[in-house]
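# Summary of the model geometry
Residue-level listing of the chains:
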Amino acid sequence: MTSILLRRFRYTAKTVFSLGLAASLAFAAQPETASAQQRQMKIIRDAEIEALLMDYARPIFRAAGIGSSGAQIVIIDDRDFNAFVASGRRMYINSGALLEAETPNEIIGVIAHETGHLAGGHLQNLRNEMARAQAIGAIASILSAGAMVAGAAAGSSAVGRGGAAAMTAGPGMAMRSVLSYRRAQEISADRAALTYLNATHQSAKGMIKTFRRFADQSLFSAQYVDPYVQSHPMPAERIAQLETIAAKSQYWDAKDPPSLQLRHDMMRAKLSGYTESPARVEQRFPRSQKTLPSAYAHAILAYRTGGVRNALGQIDALIRSDPNNPYFYELKGQALLESGKADAAVAPLRQAYSLAPDAGLIRILLGHAILETGRDNLLGEAIGHLRAGVTSEPLSSLGYRYLAMAYARQGHIPQAELATANGLLIDGDVRTAQSYAKRVQAKVKRGSPEWLQADDILTYKPPDTQR
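Procedures and definitions
Residues numbered from 1 in each chain as written. Predicted model: local features only at pLDDT ≥ 70, side-chain atom pairs only at ≥ 80, totals over all residues. Heavy atoms only, no water. Helix = DSSP H or I, 4+ residues; strand = E, 2+ residues; numbered from the N terminus. Buried < 20%, exposed > 50% of the residue type's maximum accessible area, 1.4 Å probe, protein only. Contact = heavy atoms within 4.5 Å. Phe/Tyr/Trp six-rings, centres within 6.5 Å; stacked < 30°, edge-to-face > 60°. Lys NZ or Arg CZ within 6 Å of the ring centre and 35° of its normal. Salt bridge = Lys/Arg side-chain N within 4 Å of Asp/Glu carboxyl O. Core = buried A, V, L, I, M, F, W, Y, C linked by side-chain atoms within 4.5 Å. Pairing = 2+ DSSP bridges. Axes fitted to C-alpha atoms, helices over the stretch in contact; angles between N-to-C directions. Parallel < 35°, antiparallel > 145°, perpendicular 65-115°, else oblique. Left-handed = near helix turned anticlockwise from the far one by under 90°. Nonpolar A, V, L, I, M, F, W, Y, C, P; charged D, E, K, R; others polar. pLDDT = per-residue confidence, 0-100.

On to the overall build of the chain. Broken down by element type, the chain carries 19 helices and 6 strands. Relative to its full complement of 467 residues, the chain shows a buried share of 51%. For the chain, long-range pairs separated by at least 24 residues make up 67% of all intrachain contacts whose partners lie at least 6 apart in sequence.

Put into structure tokens, the structure is as follows:
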């Protein structure tokens, strides 16, 4: 997608707070298995969608006192309706949640709930509780092992069996302790979300609707599940408590502004056009609707499925309908660039940048297009956009890759190698990144900005993923 840049990352289940109802901490009493629980997922990057989500989140963040600059929203390429927070002030929202949520209020409710976890420091508190529970489980296992030894020494099979039973109960006790603590945090996040929504004059109906969706999904399985072995409260009880409180708010019947609803529909159309099958796109956004979101979804689908000429006609129609929308020009520029027409791509991308000057992803795309024209007299402009782009988007390895190419064509080899090192570091290839950093230091003056940046790479140590 656009700027949709997909980058893989890993997360460990024990560092995650999920919106969903399924427990993800079943191995909490067995930390040595954490590495086996890691999942690799893809990140979706898109300037338009990220701007919308931050507009949803900014008032909530202010109400929570965490500041918009202190929290990042990351979109995951996953069809499940879910969201979660992980290490640091990062909130992850699945593309499936964005696609299925019919109103802004539903996603705003999700953001409010997850913000409750961030503002409450729940992740660190949970880790502390897990450590305590693991210690309790270990002590129980040691004591029960002692009972088994004592039973064997005394010739008592009953004592030995009791000790064996206690050994298996120890980890279970620890897990129940952690899950009970987490249920309390979920209720705390729910209540905090209601506070934030009320403070921002928004309804909690969207959040309640989201929780009802999970309740419907788990209705059958919940009949056979011990409620104390769930990481979240039982759905019916949780929803009833929330709705009783939420319905008393004077903003219970508040509606999303029409302009925000349109942006939400455009976001869903974009995700559908880029990630779903033609049949599914038509089902969600029938051509017969003749709406702007429907036209957007089908223009993207045409570009994605190879009909560039047809797609350009549809994109031009979008531009005529809203000539001040930067993302329509961005789409046209990307379609032209990826079809080998870099010269033609530059003008619409310049227009996109003029309309959205703070969008780092658009500047990277524009810099790439200028680079692909092969015009050496434009290299300075390309470098300017790429440098600004990676400053705004410091985790864009592609941006650094294009910047390295531009510097190399100018003959600025140390700068090219430094950009290459930064891109490799972002992609997780620390060893190769550090080899490039050594090359940089061998070619520039000690203490210069380039030398210091290379030194930062050389002294970098990967974080401990088990924490």
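There is more to say after this.
Across all of its chains, the model carries 3 aromatic pairs by this definition. Judged by centre distance (5.0 Å) and plane angle (15°), the ring pair of Phe84 and Tyr92 falls under stacked. The buried category is assigned to Phe84, whose relative accessible area is 4%. Judged by relative accessible area, which is 8%, Tyr92 ranks as buried. For the pair Tyr274 and Tyr303, a centre-to-centre distance of 6.2 Å together with 85° between the ring planes defines the contact as edge-to-face. Taken together, the positions of Tyr274 in helix H8 (residues 258-275) and Tyr303 in helix H10 (residues 292-304) put the pair 29 residues apart, joining distant regions of the chain. On the basis of relative accessibility, which here comes to 12%, the residue Tyr274 falls in the buried class. The ring of Tyr436 has Arg439 sitting right over it, with the charged end atom 4.3 Å from the ring centre.

For the rest of this paragraph, the subject is the pattern of salt bridges. A complete count under the given rule lists 22 salt bridges for this structure. Glu393 is paired through a salt bridge with Arg45; the nearest N and O atoms lie 2.5 Å apart. Taken as a pair, Glu393 in the loop between helix H15 (379-392) and helix H16 (397-410) and Arg45 in the loop between strand E3 (39-44) and helix H1 (47-64) lie far apart in primary sequence, 348 residues in all. Neither residue differs from the other here; Glu393 and Arg45 are each classed as buried. Note that Glu243 is salt-bridged to Arg212, the shortest N-O span being 2.4 Å. Placement of Glu243 in helix H7 (residues 235-246) and of Arg212 in helix H6 (residues 205-222) is noted, with a sequence separation of 31 residues between them. On the basis of relative accessible area, Glu243 is assigned to the partly exposed category, the value being 25%.

Moving on: the nonpolar core. Counting residues in each nonpolar core, the largest one holds 46 residues, and the members touching the most others are Leu53, Tyr56, Phe61, Ile73, Leu98, Ile107 and Ile111. No other element matches the 9 residues that H1 contributes to this core. Excluding residues that lie within four positions of it along the chain, Leu98 makes contacts with Ile49, Leu53, Ile75, Ile93, Ile107, Met267, Arg268 and Leu271. Counting 40 residues, the second-largest nonpolar core is a separate cluster that includes Tyr303, Ala311, Leu336 and Ala356.

All right, on to the side chain of His264 then. Within the secondary structure, His264 is located in helix H8. Residues in contact with His264, not counting those within four places in the same chain, are Leu52, Tyr56, Ala101, Glu102, Thr103, Pro104 and Ile107.

Moving on, we come to the pairing of strand E6 (residues 90-94). Extensive coverage of E6 is indicated by the burial of 4 of its 5 residues. When strand E5 (residues 83-86) meets E6, the two strands line up antiparallel, connected through 4 bridges. Looking at the pairing, Ala83 lines up with Ile93 of E6.

Moving on, we get to the environment of Pro286. Within the fold, Pro286 resides in the loop between helix H9 (278-284) and H10. Separated by 12 residues in sequence, Pro286 and His298 have C-alpha atoms that sit 8.9 Å apart. Residues contacting Pro286, with those up to four places away along its chain left out, are Val281, Ser294 and His298.

For the pair helix H17 (residues 413-426) and helix H18 (residues 430-443), interaxial distance at closest approach is 8 Å and the crossing angle is 160°. Judged by the inter-axis angle, H17 sits roughly antiparallel to H18. As H17 packs across H18, the resulting crossing turns out to be left-handed. Here H17 contributes Ile413, Pro414, Glu417, Leu418, Thr420, Ala421, Leu424 and Leu425 to the contact with H18, which in turn contributes Val430, Thr432, Ala433, Tyr436, Ala437, Arg439, Val440 and Lys443. Classifying every residue of the contact of H17 with H18 by side-chain character gives 11 nonpolar, 2 polar and 3 charged.

It is worth spelling out the confidence of the model for the chain at this point. Residues of the chain with pLDDT of at least 70 account for 72%, and the chain-wide mean is 80. Across residues 164-170, confidence stays below pLDDT 50; counting only partners more than four residues off in sequence or on other chains, it has 8 contacts.

Let us now look at the packing of helix H13 (residues 342-355) against helix H14 (residues 360-372). For any two helices packed against each other, the geometry comes down to the angle between their axes and how far apart the axes lie. Contact pair H13 / H14: the axes reach a minimum separation of 9 Å and the direction vectors enclose 155°. What the angle tells us is that H13 and H14 run roughly antiparallel. Like other packed secondary-structure pairs, H13 and H14 cross with a definite hand, here left-handed. Residues Ala342, Ala345, Val346, Leu349, Arg350, Ala352 and Tyr353 of H13 touch H14, and the partners they reach there are Ile362, Arg363, Leu365, Leu366, Ala369, Ile370 and Glu372. Class assignment of the residues belonging to the contact of H13 with H14 gives a composition of 11 nonpolar, no polar and 3 charged.

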